[in-house]
Amino acid sequence: MPSPSRLASLARNGRVPWRTRSDLLLAEARRRLRAKPAYAVRYGPGRVFLSHDDYAIDWESLKFVIADEAYAGDYAGAVVLDLGAHKGYYGAYALAKGARAVVSFEPESVNVELLERAAITYRRDGVDWEVRASAVGAEQGEAELHVMSASWGHSLHPPDEFAEYEVGVRRVPVEAMRTVLEDARTLVAGGRLVVKVNVEGEECGVVLGTPATAWEGVSELYVEMHSWAPCTAADLTEHLAPAGLTEVPSAMEPVLRLRRADAPPTGPRTAPS
């Protein structure tokens, strides 16, 4: 659980909407006094959910996205692909910042349940949030998902030291990154396409296993790098250079941020409330 000092720091963070801060404080009180399976937190036009069983992890994940702003950028009018969506905190952030559509990919069923509950609250005229219960890789097919006791550790190829935390293995569908990008182009229609990749060490296969030409329609790309991944941020940057994507400063050290210099102009901005 968050320490009192970290909770107080978030409560004072002016970048986080006051309704969100209020709901996080309320969730902290409710889980201690009258526990529920999940706690709703308002953010922008909808609500996200923190599970009781994974409360500490969910709290940190939400903080990483909305308070630390690890994926800070320009989302106005964009279509967003969210690979490794967890419970939807990044998708909610993108929509609150003005994205017009999010497609989330998450293979773990418990995460998907709360992800879909969140997505329903954000859908409205002109704004869509699609949830796909699948992983993304270089090739289409199926794979074994190693489910961990910590909800952010689920992985197709976890490091050996994760074995002690493993609680099960499930077969999950895998969508090919090239096809995912091709499908997204039909939604973009000349606008901006933003992609976020946080796939627990699979970032090398997802990016390097997909030809650079397939990434040419991407305006901005965020890749969270993991220490056990068999490649470096420099490897990904070199691979994507022919697609016109170059590295730019990132808000958080683990996140590689790449941008296209000639990306289409943005639409009107939206601020979370």
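Preceding block: the structure.
Residues numbered from 1 in each chain as written. Predicted model: local features only at pLDDT ≥ 70, side-chain atom pairs only at ≥ 80, totals over all residues. Heavy atoms only, no water.

## Considering unusual backbone geometry
The line we're drawing: Secondary structure elements are taken from DSSP: a helix is a run of H or I of four residues or more, a strand is a run of E of two residues or more, and numbering for both begins at the N terminus.
Positioned with a positive phi, H86 is a non-glycine residue whose angle comes to about 55 degrees. Tracing the chain through its elements places H86 in the loop between β3 (79–83) and α4 (89–96). Even without glycine at this site, E200 takes up a positive phi of about 50 degrees. Relative to the helices and strands, E200 is located in the loop between β9 (193–197) and α7 (203–208).

## With respect to the state of the cysteines
Simply put, disulfide is the name for a covalent bond between the sulfur atoms of two cysteines. This is how the line gets drawn: Cysteine sulfur atoms that come within 2.5 Å of each other are treated as a disulfide pair. Per-residue accessibility, obtained with a 1.4 Å probe over protein chains only, is compared with the maximum for each type, and a residue is labelled buried under 20%, exposed over 50%, and partly exposed between these values.
Tallying each qualifying case throughout the model produces 1 disulfide. Put simply, C204 and C231 are joined by a disulfide, and their sulfur atoms are 1.9 Å apart. Measuring handedness by torsion sign, the sulfur bridge of C204 and C231 sits at about -90 degrees and is left-handed. One end of the pair, C204, is in helix α7; the other, C231, is in the loop between β10 (220–224) and α8 (233–240), and 27 residues separate them in sequence. As far as burial versus exposure is concerned, C204 and C231 are alike and both buried.

## What about the layout of surface pockets?
The condition that has to hold: Space inside and on the surface of the protein is sampled on a 1 Å grid over the protein atoms alone, with a cavity defined as a set of points where a 1.4 Å probe fits but cannot get out and a pocket as an open set with protein on both sides within 12 Å along at least 5 of 7 lines; lining residues have an atom within 4 Å of a point. Grid points are joined across faces, edges and corners, and a volume is the space filled by probe spheres set on the points. Throughout this entry, Asp, Glu, Lys and Arg are counted as charged residues, while Ala, Val, Leu, Ile, Met, Phe, Trp, Tyr, Cys and Pro are counted as nonpolar. The remaining residues, Gly among them, count as polar.
Looking at the largest pocket, its volume works out to about 730 Å³. Looking at the largest pocket, it is lined by 39 residues, and the ones nearest its centre are H86, W152, G153, N198 and E200. Within the residue set of the lining of the largest pocket, elements represented by two or more residues are α3 (55–67), α4, β6 (135–137) and β7 (141–148). Tallied by class, residues from the lining of the largest pocket come to 20 nonpolar, 12 polar and 7 charged. The calculated volume of the second largest pocket comes to roughly 180 Å³. Residue lining of the second largest pocket: P37, A38, S51, H52, D53, D54, V110, E113, L114 and R117, and that is the complete set. With 4 residues, the top contributor of residues to the lining of the second largest pocket is helix α5 (residues 109–122). Considered class by class, the residues forming the lining of the second largest pocket number 4 nonpolar, 2 polar and 4 charged.

## Regarding the environment of A150
Put simply, the test is: Contacts are residue-level and defined by heavy atoms, with any inter-residue pair within 4.5 Å sufficient.
Position of A150 relative to the elements: it lies in the loop between β7 and β8 (166–176). In this structure the C-alpha to C-alpha distance between A150 and E166, which are 16 residues apart in sequence, comes to 8.8 Å. What A150 contacts, discounting residues up to four positions off in sequence, is D54 and I57.

## Things to note about the packing of aromatic side chains
In plain terms, the rule: Pairing of aromatic side chains requires ring centres within 6.5 Å, counting the rings of Phe and Tyr and the six-membered ring of Trp. Pairs whose planes differ by under 30 degrees are stacked, by over 60 edge-to-face, and all others tilted.
With the rule as written, the count across this model stands at 9 aromatic pairs. Pairing Y75 with Y90 gives two aromatic rings, centres 6.0 Å apart and planes at 70 degrees, and the pair type is edge-to-face. Of the two residues, Y75 is situated in the loop between α3 and β3 and Y90 in helix α4; the sequence distance between them amounts to 15 residues. In this pair, the class of Y75 matches that of Y90, namely buried. Put simply, the rings of F64, Y71, Y75, Y90, Y93 and Y222 touch in pairs and so form one group of aromatic residues.

## Quick word on the sheet that holds β8
Backbone hydrogen bonds hold the strands of a sheet together, and the pairing may be parallel or antiparallel. Spelled out, the test is: Two strands form a pair only when DSSP identifies at least two bridges running between them. To obtain each axis, a line is fitted to C-alpha atoms, and for helices this fit is confined to the stretch in contact; angles are then taken between N-to-C directions over 0 to 180 degrees.
Here 3 strands make up an open sheet; going across it, the order is β6-β8-β7 and the pairing mixed. Across the chains shown, the open sheet's two edge strands, defined by having one partner strand only, are β6 and β7. Strand-to-strand, the axes of this sheet are offset by a mean angle of 45 degrees, without reference to chain direction. Sheet topology places β7 next to β8; 8 bridges connect them, and they run antiparallel. Its bridge partner being in β8, L145 is matched across the sheet by R170. Against the sheet, helix α6 (residues 177–188) engages β6 and β8, with an angle of about 55 degrees to β8.

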